[in-house]
Amino acid sequence: MMFDYLRGFVFDMDGLMFDTERLVYDIWKKMLSERGLTLTMEDFKQTVGKRKQEVQNYYFNKFGSDFPYWELSQIGSNRYLDYIQANGIPVKKGLNEILSAIKDHGGKIALATSTSRKTAKINIENAGVAEYFDVLVCGDDVKNGKPHPEVFLTAAQKLELNPDECAAFEDSINGIKSAHAAGMVTVMVPDLIQPTEEVLPMIDCLYEDLSQAAGDLIEN
């Protein structure tokens, strides 16, 4: 992929920068097991890349409207933060490499995540990559979640760039739909979910990991 004309690089967080989707699944699986409920990986995949209101609706449909989603969400968040504090955040292969390469390239970097600003800041600070980011756009900064393009359009605006001057890095299908709708160059690095036939035409570049993307950027 040719990166030379791009000035902005916008990154999703969970599943792309950090191997946190599996951690969140393990936490939710245990919480539900403690209440006599079963959560499969296929169930969990239906919630990936979605805002909390959408996730609540999924669990309501599966377990009933009396499912204590918001209570479990808070418990899960506390367990997540406890894990990160004790063990550090699991960083995806090539993250530091590509962020460093972008800065060497003179690019601006934004975060575009559905996660709350509080958790996002904890994650990037824990990983030691906060200094790379010029802009953070988090779930509590936008009204519409992915696949709506608002989070990416907001990121471009805050970077003071046009969307077509930016590449968006995503691991989820909703994320790719969002970035494509925003008019950005789309880069997918799949995590739990592989691209579908529907989303393949929306992907400008597909990599196995961020190291591959960094290699292309360095070459160009």
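Structure shown above.
So, here's what we can say about the structure. If you're wondering where the values come from, they're calculated on a predicted model, not measured in any experiment. (Residues numbered from 1 in each chain as written. Predicted model: local features only at pLDDT ≥ 70, side-chain atom pairs only at ≥ 80, totals over all residues. Heavy atoms only, no water.)

Quick look at the side chain of Glu21
- For Glu21, the location among the structural elements is in helix α1 (residues 21–34).
- The residues contacting Glu21, other than those within four sequence positions of it, are Asp14, Gly15, Phe44, Val48, Asp171, Asp191 and Leu192. (Helix = DSSP H or I, 4+ residues; strand = E, 2+ residues; numbered from the N terminus. Contact = heavy atoms within 4.5 Å.)

Section: the pairing of strand β4 (residues 166–170)
- Within β4, 5 of the 5 residues are buried, leaving the element largely enclosed by the surrounding structure.
- Taking every second residue as pointing to the same face, both faces of β4 are buried, with Cys166, Ala168 and Glu170 on one and Ala167 and Phe169 on the other.
- Inspection of the sheet shows strand β1 (residues 8–11) paired to β4 by 4 bridges, in the parallel sense. Residue pairing for β4: Gly8 is matched across the bridge by Cys166.
- With 4 bridges connecting them, β4 and strand β5 (residues 185–188) associate as parallel partners. Counterpart to Phe169 in the pairing with β5 is Val187.
- Handedness of the crossover is the feature at issue here: the chain leaves β4, passes through helix α8 (residues 173–182), returns alongside β5, and the resulting connection is right-handed. (Buried < 20%, exposed > 50% of the residue type's maximum accessible area, 1.4 Å probe, protein only. Pairing = 2+ DSSP bridges. Right-handed = clockwise from strand over helix to strand, strands pointing away.)

Comments concerning the packing of aromatic side chains
- Inspection of every chain in the model, using the stated rule, returns 10 aromatic pairs.
- Ring plane angle 20 degrees and centroid distance 5.7 Å describe the contact between Trp28 and Tyr69, whose orientation is recorded as stacked. A residue pair is termed long-range when its members are at least 10 positions apart, and Trp28 in helix α1 and Tyr69 in helix α4 (residues 69–87) qualify at 41 residues.
- For Trp28, a relative accessible area of 9% gives the class buried. (Phe/Tyr/Trp six-rings, centres within 6.5 Å; stacked < 30°, edge-to-face > 60°.)

A short note on α4
- For α4, spanning 19 residues, the distance from its first C-alpha to its last is 26 Å, which sits close to the expected 27 Å at 1.5 Å a residue.
- Inspection of α4 places Tyr69, Leu72, Ser73, Gly76, Tyr80, Leu81 and Ile84 among the buried residues, and these make up the whole buried set.
- On the buried face of α4, the contacting elements are α1, α3 (52–63) and α6 (117–127).
- Once α4 finishes, Gly88 follows within two positions and takes phi at roughly 85 degrees, a positive value. (Expected span 1.5 Å × (residues − 1).)

Regarding the nonpolar core
- The biggest cluster of nonpolar side chains holds 52 residues, and the ones touching the most others in it are Phe11, Met17, Val129, Phe133 and Phe169.
- Broken down by element, this core gets its largest block of residues, 6 residues, from α1.
- Listed in part, the 17 residues of the second largest apolar core include Leu161, Ala168, Ala182 and Met184. (Core = buried A, V, L, I, M, F, W, Y, C linked by side-chain atoms within 4.5 Å.)

What to know about α8
- Within α8, 7 of the 10 residues are buried, which leaves the element mostly enclosed by the surrounding structure.
- Check the buried side of α8 and you find it contacts α7 (150–159), β4 and β5.
- For α8, the N-terminal capping position is held by Ser172, with its side-chain oxygen 2.9 Å away from the main-chain nitrogen of Gly175.
- Once α8 ends, the next one or two residues include Gly183, with phi positive near 90 degrees. (Polar contact = N/O pair within 3.5 Å; in protein donor to acceptor, adjacent residues only side chain to side chain.)

The values are spatial; any link to function lies outside them.
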